[in-house]
Amino acid sequence: VLDAGALRLLAESGATGLKDAILTPHEGEFHALFGEGEGSKVERARAAAAKSGAVIVYKGPDTVVAAPDGRGAIGTAPPWLASAGTGDVLAGTIAAMRAGGREAFEAACAGAWPVSSGRHATCCCSFSSVASFQRFSSSTSRVPVTWARG
């Protein structure tokens with residue numbers, strides 16, 4: 001699980017060949033790693049996951065998790081998570097989930113959206129394509145969703 005300073009170092013050497021890695025960039029770190037890119041945040045995260053071979057947790061108010069095999073999830077995060085140190089907690093939570101035996105994508109989702117007393121969201125819906133996800137999300141309030149491969 002790579003965050004903060006590790007992402008800056010990775011940006012200098014190139015973010016490819018990272019099988020089994022989980023990267024947790026915010027917007028600025030994402031751009032340093034993968035450039036501006038084209039398309040939506042979902043499309044950019046999917047492209048970055050495919051290019052790098054890593055699971056991407058693209059942090060923000062609409063956090064996107066994308067796996068190299070095409071799986072993905074998106075959900076909301078409470079505003080208090082935009083504070084110093086919360087990215088460290090996220091990275092630690094994901095690392096603990098991974099150490100506990102979850103595969104990388106599942107660990108990233110579990111870390112990003114732990115189920116609790118309504119303060120956090122959890123992934124709840126599956127989609128067969130980004131297009132079907134976009135149709136759903138454009139007509140729905142901030143609901144965390146997942147899409148299947150493809």
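Structural data are supplied above this passage.
Below you will find a few notes about this structure.

## A short note on the side chain of Ser-52
Structurally, the position occupied by Ser-52 is in helix α3 (residues 41–52). Of the polar contacts made by the side chain of Ser-52, one reaches the backbone oxygen of Ala-48; its length is 2.8 Å. Looking at Ser-52, its side chain comes within polar contact range of the main-chain nitrogen of Ala-54, at 3.1 Å. Excluding residues that lie within four positions of it along the chain, Ser-52 makes contacts with Ala-15, Thr-16, Gly-17, Leu-18, Lys-19 and Phe-34.

## Concerning the pairing of strand β4 (residues 72–76)
One face of the sheet, then the other: side chains in a regular strand alternate in exactly this way. Counting buried residues along β4, four of its five residues qualify, which places the element largely inside the surrounding structure. In this sheet, β4 lies alongside strand β3 (residues 62–66) in antiparallel orientation, the contact comprising five bridges. Opposite Val-65, over in β4, you have Ala-73 as the bridge partner. Counted along the chain from β3 to the antiparallel partner β4, the turn is five residues long, and its residue Gly-70 has a positive phi close to 105°.

## A word on the packing of helix α2 (residues 27–34) against α3
At a closest axis distance of 11 Å, the pairing of α2 and α3 adopts a crossing angle of 45°. Judged by the angle between their axes, α2 and α3 are oblique. Relative to α3, α2 is oriented so that their crossing is left-handed. In this structure, α2 contributes Glu-27, Phe-30 and Phe-34 to the contact, and α3 contributes Arg-44, Ala-45, Ala-48, Lys-51 and Ser-52. Split into classes, the residues belonging to the contact of α2 with α3 amount to four nonpolar, one polar and three charged.

## Considering the nonpolar core
Within the largest apolar cluster, 19 residues are counted, with the highest numbers of intra-cluster contacts made by Leu-18, Leu-23, Phe-34 and Ile-56. Of all the secondary structure elements, the ones that give two or more residues to this core are α1 (5–13), α2, α3, β2 (55–58) and β3. Here this core gets four residues from one element, more than from any other, and that element is α3. The contacts of Phe-34, once residues within four sequence positions are left out, are Ala-15, Leu-23, Ala-48, Lys-51, Ser-52 and Ile-56. By size, the runner-up hydrophobic cluster in this structure holds 15 residues, among which are Ile-22, Ala-67, Ala-107 and Ala-108.

## Some remarks on helix α4 (residues 86–99)
Over its 14 residues, α4 runs 20 Å from end to end, which matches the ideal 20 Å to within 8%, given 1.5 Å per residue. For α4, the set of buried residues is Gly-87, Leu-90, Ala-91 and Ile-94. Down the axis of α4, the sector holding all buried residues measures 95°, keeping them to one side. The exposed set on the far side of α4, more than 90 degrees from its buried face, consists of Asp-88, Val-89 and Ala-99. Buried residues in α4 make contact with β1 (22–23), β2 and α5 (104–112). Gly-101 occupies a position one or two residues after α4 and carries a positive phi of about 110°.

Reading the values: the criteria
Residues numbered from 1 in each chain as written. Predicted model: local features only at pLDDT ≥ 70, side-chain atom pairs only at ≥ 80, totals over all residues. Heavy atoms only, no water. Helix = DSSP H or I, 4+ residues; strand = E, 2+ residues; numbered from the N terminus. Polar contact = N/O pair within 3.5 Å; in protein donor to acceptor, adjacent residues only side chain to side chain. Contact = heavy atoms within 4.5 Å. Buried < 20%, exposed > 50% of the residue type's maximum accessible area, 1.4 Å probe, protein only. Pairing = 2+ DSSP bridges. Axes fitted to C-alpha atoms, helices over the stretch in contact; angles between N-to-C directions. Parallel < 35°, antiparallel > 145°, perpendicular 65-115°, else oblique. Left-handed = near helix turned anticlockwise from the far one by under 90°. Nonpolar A, V, L, I, M, F, W, Y, C, P; charged D, E, K, R; others polar. Core = buried A, V, L, I, M, F, W, Y, C linked by side-chain atoms within 4.5 Å. Expected span 1.5 Å × (residues − 1). Arc of directions from axis to C-beta.

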